[in-house]
Amino acid sequence: MEDRSNYWLRRKLSRRSTIRGAAITGVGAGAFALVGCGDDDDDDSSSNGNNQGLLPTVAASPTVAKQPKPGGAFSFQMPNIPNTLDPYTVTSFQTAYLNGLSYSKMLRFKAGTPDVAPADNTMEPDIAQKMPEQPDELTYVFKLKPNVKFHNGRQLTSEDIRYAYDRYLNYDKSVHKTGLSFIDKMEMPDPATFKITTKVPYADTTFYLGGNIGSWIGPKEHAESPEATTKMLGSGPFIHTSTEANVSMSFKKNPDYFDKPYPYFEEVKVFGVSDLAKRVADFASKQVNLTWLFLPEPRDQLLKQRPDAQKEETQGIGGYIYLRTDKPPFNDKRVRQAISMGINRKAIRDAITKGEGVPDQLYFVGYPFARQVKDLPQAKYWDYNVAEAKKLMAAAIGEGKTIDTTWSHADITAYGQEYLDTATLAQSQLKDIGLNITDNSQPYTTSYLKTTYQGDYEGMGHSPRAVAYWMDYVTERFTMKPKRGRINLSYVKDDKLEALMDKQRSQLKMEERLQTVRQIEELVAEEQYEIYFSTDTRTYFWDKDITNYRPTAWFPYTHIMKTWRDA
């Protein structure tokens, strides 16, 4: 049993709480609503040692109806200010967060208010008037809201949506060519109607159109202008007004926003602060209204320094190692299995997250359908076992031989010191089983995103993982099919896995799809194509008078439009 101070292990949700948080229906909210797996006891304070695993925040918070108070300014932190803003050519999560202020999509996440769980992936209409009509399994018909205007004053029409999706798919510099490849045909019966026909039944169509960072709608005249990389121009709730390089970005309320009465704030400002101590200090001294995420140590500092602040603990994924499985020695699964067994995950958690977290796997262990590592048939590959790891290495490369390799990763500016410490500790541990690793730390925006994160690396790499909101994200991770995979950084080519991924994409009945998912879960666990670390606890803090706000597990900050200051 893990340290019981772990928030996720001690939080117990009743069945009634679970139902309040999110209903499990079809492939909607229930697919990724993070439900608890404890007993029916409503007492959150006790722990009897029989917890069955991670119990992430799921229940909706009780709310009291309040009258919104428009006006005022709002500020928040991020690790840095992106140096390019073009949604068509950037995969950076930091740009994606900010895109939600200025751009719109067909649909958007409902999460971001107290009555919705942070990782409930339910969609609501954004540009669309309502969820799409589906006359058959291949067809989606969207009716657009009236009076949707870009920030340059031009009316948005169905042709703008077609242009945006086509640019994501076919623009030579697009980094999102694979995502919308499920679309077979796009039609615009009239300026207010957009129709999609998919190639095959695709279970995640609405989740992709509402959630993915490759589905923002921007006007052609801006997308093809020199300003595309330095200015955001969409139809979203806030208008981008200025950027101070490496310092901050400013936004003002969009007076013509189509979803009245949003937004409430007149101004929004985001500060890019890479230094962890400064982020803590800035919130402690009330220089910003909302923090970036904090792991346990800085979290505990702020609990003492700002006891008045509101907070939310959400579960995070610590990261993973990817390898060039298309080349020796990492094309031998015994080497990959040995690497996984050569990592002491508990020691890393003790050093970095005060022991909080549990070993993670491909399907994030907080999901209701995902088994914890300890319950997988392949659980032994997560056990720290140097002797067994050495046996596997000897069988794969020869007795007494070692492997010389590199480990590429981003620098501190994007993911923080804990991310670098994870790499340092793991590299040191792996030396004991025969890996001689040369560390390759790369500037995040100018090098890492353009090389390693695009698959241009040798040996090994290390990145965080995002909490996935659509089940088919597994295809992006592991397929080599043209216009399908985007981040298959381990260069996996596995016909059996490919067939399973194709199968689950088209399974519209959740019960059937989950059976396929379980097979994928076990295959990837056996092959160790990606080597996962542990989950962690991530805490956001915000000012006491900020109302109708709740963090989400997803990228965009669109939900800030629903927030106001109750002062």
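Look up: the structure comes first, before these words.
Residues numbered from 1 in each chain as written. Predicted model: local features only at pLDDT ≥ 70, side-chain atom pairs only at ≥ 80, totals over all residues. Heavy atoms only, no water.

### Description of the side chain of Q77
Using the following cut-off: Only DSSP runs of H or I covering at least 4 residues are called helices, and only runs of E covering at least 2 are called strands; the numbering of each starts at the N terminus. Each polar contact in these results corresponds to two N or O atoms within 3.5 Å; when the atoms are within protein, one needs to be able to donate a hydrogen and the other to accept it, and residues that are neighboring in sequence are counted only if both atoms are side-chain atoms. Residue contacts are defined here by distance: any two heavy atoms, one from each residue, within 4.5 Å place the two residues in contact.
Among the secondary structure elements, Q77 is positioned in strand β1 (residues 73-78). Reaching out from Q77, the side chain makes a polar contact with the backbone nitrogen of W292 at a distance of 3.0 Å. Aside from chain neighbours lying at most four places away, what touches Q77 is F271, R279, D282, F283, V288, L290, T291, W292, F294 and Y557.

### Side note on the nonpolar core
Counted only if it meets this: Only buried Ala, Val, Leu, Ile, Met, Phe, Trp, Tyr and Cys residues count toward a nonpolar core, and they belong to the same one when joined by side-chain atoms within 4.5 Å. Relative accessible area decides the class of each residue, using a 1.4 Å probe on protein chains only: under 20% of the type maximum gives buried, over 50% gives exposed, and in between gives partly exposed.
F76, Y165, I339, M460, F478 and I560 are the most contacted members of the largest nonpolar core, which has 137 residues in total. Among all residues touching I560, those that are not within four sequence positions of it are F74, F76, L101, F238, F265, V268 and Y549. Membership of the second largest hydrophobic core comes to seven residues, among which are V288, F294, L302 and F541.

### Quick look at helix α12 (residues 386-397)
Rules: Residue count minus one, scaled by 1.5 Å, sets the expected span of a helix.
Between its first and last C-alpha, α12 extends 16 Å over 12 residues, near the 16 Å set by a 1.5 Å rise per residue. For α12, the set of buried residues is A389, L392, M393, A394 and I397. In the core, the buried residues of α12 are packed alongside α10 (333-341), β12 (403-410) and β13 (435-442).

### Brief notes about the pattern of salt bridges
Stated formally: In what follows, salt bridge is the name for a side-chain nitrogen of Lys or Arg lying within 4 Å of a carboxyl oxygen of Asp or Glu.
In total, this model carries 37 salt bridges according to the counting rule given. Among the ionic pairs, K562 bridges to E124, the shortest N-O distance being 2.8 Å. Separated by 438 residues along the polypeptide, K562 in the loop between β17 (546-547) and β18 (564-565) and E124 in strand β3 (residues 123-125) bring together distant segments of the chain. Classification of K562 by relative accessible area gives buried; the value is 9%. Given the relative accessible area of 13%, E124 is considered buried. As a salt-bridge pair, K374 and D375 come within 3.4 Å of each other at their nearest N and O atoms. Note on K374: relative accessible area 55%, which makes it exposed.

### So, the packing of aromatic side chains
How we decide: Planes of paired rings set the category: under 30 degrees apart is stacked, over 60 is edge-to-face and the rest tilted, where pairs are Phe, Tyr or Trp rings (Trp by its six-membered ring) whose centres lie within 6.5 Å. Two thresholds decide whether a charge sits over a ring: the Lys NZ or Arg CZ must be within 6 Å of the ring centre and within 35 degrees of the ring normal.
On inspection of all chains with the given rule, the structure shows 33 aromatic pairs. Taking 4.8 Å as the distance between ring centres and 70° as the angle between the ring planes, the aromatic pair formed by Y415 and Y419 counts as edge-to-face. By relative accessible area, Y415 is classed as partly exposed at 22%. Measuring from ring centre to ring centre gives 5.8 Å for Y469 and W554, while their planes differ by 85°; the resulting arrangement is edge-to-face. With Y469 in the loop between β14 (460-463) and α16 (473-478) and W554 in the loop between β17 and β18, this residue pair connects regions lying 85 residues apart in the sequence. Each of the two residues, Y469 as well as W554, counts as buried. Taken together through their ring pairs, the aromatic side chains of F109, F182, Y202, Y208, Y363, F369, Y469, W470, Y473 and W554 make up a single cluster. In this structure, R324 is placed above the aromatic ring of Y457, and the distance from its NZ or CZ to the ring centre is 5.9 Å. Over the ring of Y320 we find R477, and its NZ or CZ is 4.6 Å from the ring centre.

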